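# Tertiary structure, described
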Amino acid sequence: MIRRALLLLLLAPLLGGCQDREARAQNADLTRRVEALERQLSAVQATQQSGLPTDAGRVTARAAAQNCANSLTRTLETYRQNSLDRRYPAPAQLEVPDACVDQRVNWLTRSADAYTFTVTDAAGRELARQGSQDGP
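Counting of residues starts from 1 at the beginning of each chain's written sequence and follows it residue by residue. Side-chain atom pairs in this predicted model are given and counted only at pLDDT of 80 or more, local residue features only at pLDDT of at least 70, and totals for whole chains, interfaces and linings cover all residues. Hydrogens and waters are ignored; side-chain quantities use all the structure's heavy atoms.

Salt bridge, as used here, is a side-chain nitrogen of Lys or Arg placed within 4 Å of a carboxyl oxygen of Asp or Glu. In this structure the tally under the stated criterion is 3 salt bridges. One salt bridge connects Asp85 with Arg87, and the closest N-O pair in it is separated by 3.4 Å. A 1.4 Å probe rolled over the protein chains alone gives each residue an accessible area, and that area as a share of the maximum for its type sets the label: buried under 20%, exposed over 50%, partly exposed in between. The partly exposed category is assigned to Arg87, whose relative accessible area is 22%. With its nearest N and O atoms 3.0 Å apart, the salt bridge here joins Arg125 to Asp121.

See below:
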């Protein structure tokens, strides 16, 4: 019993030393990672200080068009999944999503089996395109 106690007393500093080395190594690794993240953050902040990109309106228009395209595709695919004959809705059956209210949707292909459409800006430039897997 006394031998075990003495053995534990002798091993305690050795175990503590191992833990200290391991903890120091982990702290050094964390410090390197934090410094790398701080450098990345500084670079991002420097980029942002230069102001908004000159094409912010175009980026916003593309994002709105893609949001419309995604919502419309989700609506079409949900209709087809719930349809007994696995078809897409006819024009009169389609409820256009709110995301597409102020968007220009142009149907390139539209049938019970397939669809392809684009979302364009006022000048007719394509901002987003979606299609069914069976479509062109």
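Another point: the state of the cysteines. When two cysteine sulfur atoms are found within 2.5 Å, that pair is recorded as a disulfide. Evaluated as defined, the whole model comprises 1 disulfide. Across the disulfide, Cys68 is cross-linked to Cys100 (sulfur-sulfur distance 2.1 Å). Its S-S torsion of approximately 110° makes the covalent link between Cys68 and Cys100 right-handed. Here Cys68, found in helix α2 (residues 56-82), pairs with Cys100, found in the loop between α2 and β1 (104-110); they are 32 residues apart in sequence, far enough to count as distant. Cys100 shares its class with Cys68; the two are buried. By the criteria applied, helices consist of DSSP H or I runs no shorter than four residues and strands consist of E runs no shorter than two, each listed in order from the N terminus.

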